[in-house]
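# Survey of secondary and tertiary structure
This is what each chain is made of:
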Amino acid sequence: MTMAGREPEGAIANGAALAASLAAGIGAFGLGLVVFLNELGVFEVPALYGPAGGVTGRTAAGVVIWLVAWVVLHSRWKDRRMESSGVFGLSLLLIALGVVLTFPPVWRLF
Amino acid sequence: MDIPLFSYRSILTMLHGLGAGGGGLLALFAALFALLTMRTDGHPDATVERRSRNLRWLIVLAAVLVWGAVIGGTYIVFPPYRATPPEGLTDLTAYPRSLLTSNPETDWLHSFAMETKEHVPWIAAMLGTAAAFVATRYRSRILSDPTIHRMTSALLAICFALAAYAALLGTFVNKVAPLE
């Protein structure tokens, strides 16, 4: 996750792409965590739209986490050339965790 | 007596599932296929520029359709699905969630399938948006830069897998307890 000292010929600033992918990972994990904690009864996210129920509040929270993370990461990384495998690997891990945390059988393990 | 071919609620379900969801899946698959087959190792030329422009619009369209399916599903189709029937009602056909949970053999279609469908598509929408952003910002580099190409392909592939999974579960739910 560091800036390259010397960029190879044709190298481009890939920070904006990495910011988008990591933000998506953070958003996925954030949504999964909100859903998981809500199902465990740690807290209850209020509904944003009553007829659709609590899912509207939970997903809105996930979207806010995603967008905030994206804005922060993009503003910091947009002009940088960065080593990609670590950041992208972390993005994939967060996406996988986020998906797992939204699975009902996982909630019932706790 | 006129019998309508489709009810208003079933038209909404079709717009959600077939229109936005199915269209999004088609666009995602086409974009992924194009991305994987049009990759180039050289410097972008006019042909690559033109192809990447078309591909960019396809990925943006896919993301828009996935968001349409997600928001329409949550805010338009889900409320009538989860509506509570009046006390004492025995025919639950008009109340899909109650119909599913009233039978132990179909309860999983709510407690697993629909509960999963409530959240996973939102993750797909985030990934599709990230891919659309990368395609828009990096233009022909999505075909010529190995890192950007790999990242966009992976985001689209996961987005497609999650959207397809949600669509499959939605098909099961709609088969047993359609919104009519």
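Every value quoted in this text rests on a predicted model; they were computed, and no experiment measured them. (Residues numbered from 1 in each chain as written. Chains lettered and ligands numbered in written order. Predicted model: local features only at pLDDT ≥ 70, side-chain atom pairs only at ≥ 80, totals over all residues.)

## Here's the deal with the overall build of chain A
When helices and strands are counted, chain A shows four helices and zero strands. Radius of gyration (C-alpha) of chain A: 17 Å, far over the 13 Å computed for a compact globule of 110 residues. C-alpha extents for chain A along the principal axes are approximately 55 × 30 × 20 Å. Among the 110 residues that make up chain A, the fraction classed as buried is 38%. Pairs at least 24 apart in sequence give 82% of the contacts found in chain A among residues at least 6 apart. (Helix = DSSP H or I, 4+ residues; strand = E, 2+ residues; numbered from the N terminus. Rg over C-alpha atoms; globule rule 2.2 N^0.38 Å. Buried ≥ 20, exposed ≤ 12 C-beta atoms within 10 Å, placed from the backbone. Contact = placed C-beta atoms within 7 Å.)

## Considerations on the overall build of chain B
For chain B, the count of helices and strands is six helices and zero strands. Along chain B, from the amino end to the carboxyl end, the secondary structure elements read α-α-α-α-α-α. Dimensions of chain B along its principal axes, counting C-alpha atoms only, are 70 × 35 × 20 Å. A buried classification covers 45% of the 180 residues belonging to chain B. Counting only contacts in chain B whose residues sit at least 6 apart along the sequence, the fraction spanning at least 24 positions is 80%.

## With respect to the environment of F6(B)
Inspection of the secondary structure assignment puts F6(B) in the segment before α1 (8–37). Between the C-alpha atom of F6(B) and that of F172(B), which follows or precedes it by 166 residues, the distance is 19 Å.

## What about α1(B)?
Residue and element names in this part refer to chain B. Between the first and last C-alpha of α1 there are 41 Å, a value that for 30 residues agrees with the 44 Å anticipated at 1.5 Å per step. At L15, α1 shows its strongest bend, of approximately 30°. Listed as buried for α1 are T13, H16, G17, A20, G21, G24, L25, A27, L28, A31, L32 and L35. At its buried positions, α1 is contacted by α2 (46–82), α5 (141–144) and α6 (146–176). (Expected span 1.5 Å × (residues − 1). Bend = angle between axes of the 7 residues up to and from the residue.)

## A closer look at the interface of chain B and chain A
Counting from both sides, the interface comprises 29 residues of chain B and, opposite them, 28 residues of chain A. Elements that contribute at least two residues to the side of chain B that touches chain A include exactly α2, α4 (107–138) and α6 of chain B. Each residue belonging to the side of chain B that touches chain A can be placed in one class, and the counts come to 18 nonpolar, five polar and six charged. (Nonpolar A, V, L, I, M, F, W, Y, C, P; charged D, E, K, R; others polar.)

## Digging into the confidence of the model for chain B
Residues with a pLDDT of 70 or more make up 99% of chain B, whose mean pLDDT is 95. Both scores are given for the predicted complex: the pTM is 0.94, the ipTM 0.93. (pLDDT = per-residue confidence, 0-100.)

## Section: the packing of helix α3 (residues 84–101) of chain A against α6(B)
Remark: α3(A) packs on α6(B), axes separated minimally by 11 Å, with the N-to-C direction vectors making an angle of 5°. Judged by the angle between their axes, α3(A) and α6(B) are roughly parallel. From α3(A), S84(A), F88(A), I95(A) and V99(A) reach across to α6(B), where they touch T147(B), M151(B), I158(B) and L162(B). For the contact of α3(A) with α6(B), the class distribution of residues is six nonpolar, two polar and no charged. (Axes fitted to C-alpha atoms, helices over the stretch in contact; angles between N-to-C directions. Parallel < 35°, antiparallel > 145°, perpendicular 65-115°, else oblique.)

## Re the packing of helix α1 (residues 15–39) of chain A against α3(A)
Residue and element names in this part refer to chain A. Two elements in contact, α1 and α3, have axes whose closest approach is 7 Å; the angle formed by their N-to-C orientations is 25°. Taken together, the axes of α1 and α3 lie roughly parallel to each other. With respect to the hand of their crossing, α1 and α3 are arranged in left-handed fashion. Each residue belonging to the contact of α1 with α3 can be placed in one class, and the counts come to 19 nonpolar, six polar and no charged. (Left-handed = near helix turned anticlockwise from the far one by under 90°.)

## Here's the deal with the environment of T147(B)
Tracing the sequence through the fold places T147(B) in helix α6. Separated by 26 residues in sequence, T147(B) and P121(B) place their C-alpha atoms 26 Å apart. Excluding anything up to four places from it in sequence, T147(B) contacts N14(A) and S84(A).

## Topic: the nonpolar core
Ranked by size, the top nonpolar core spans 68 residues in total, and within it V66(B), I123(B), A131(B), V134(B) and C159(B) carry the most contacts. Elements with a minimum of two residues in this core: α1, α2 (55–77) and α3 of chain A together with α1, α2, α4, α5 and α6 of chain B. Ignoring sequence-local partners within four residues, the contact set of C159(B) consists of L28(B), V66(B), A124(B), L127(B), G128(B) and A131(B). Residues Y95(B), L99(B), L109(B) and A177(B) belong to the second largest nonpolar core, which totals eight residues. (Core = buried A, V, L, I, M, F, W, Y, C linked by C-beta atoms within 7 Å.)

## Considerations on unusual backbone geometry
All names here are of chain B. Despite not being glycine, R139 has its phi angle at roughly 45°, a positive value. Its location among the elements puts R139 in the loop between α4 and α5. Judged by local crowding, R139 falls into the partly exposed class, with 18 C-beta atoms found within 10 Å.

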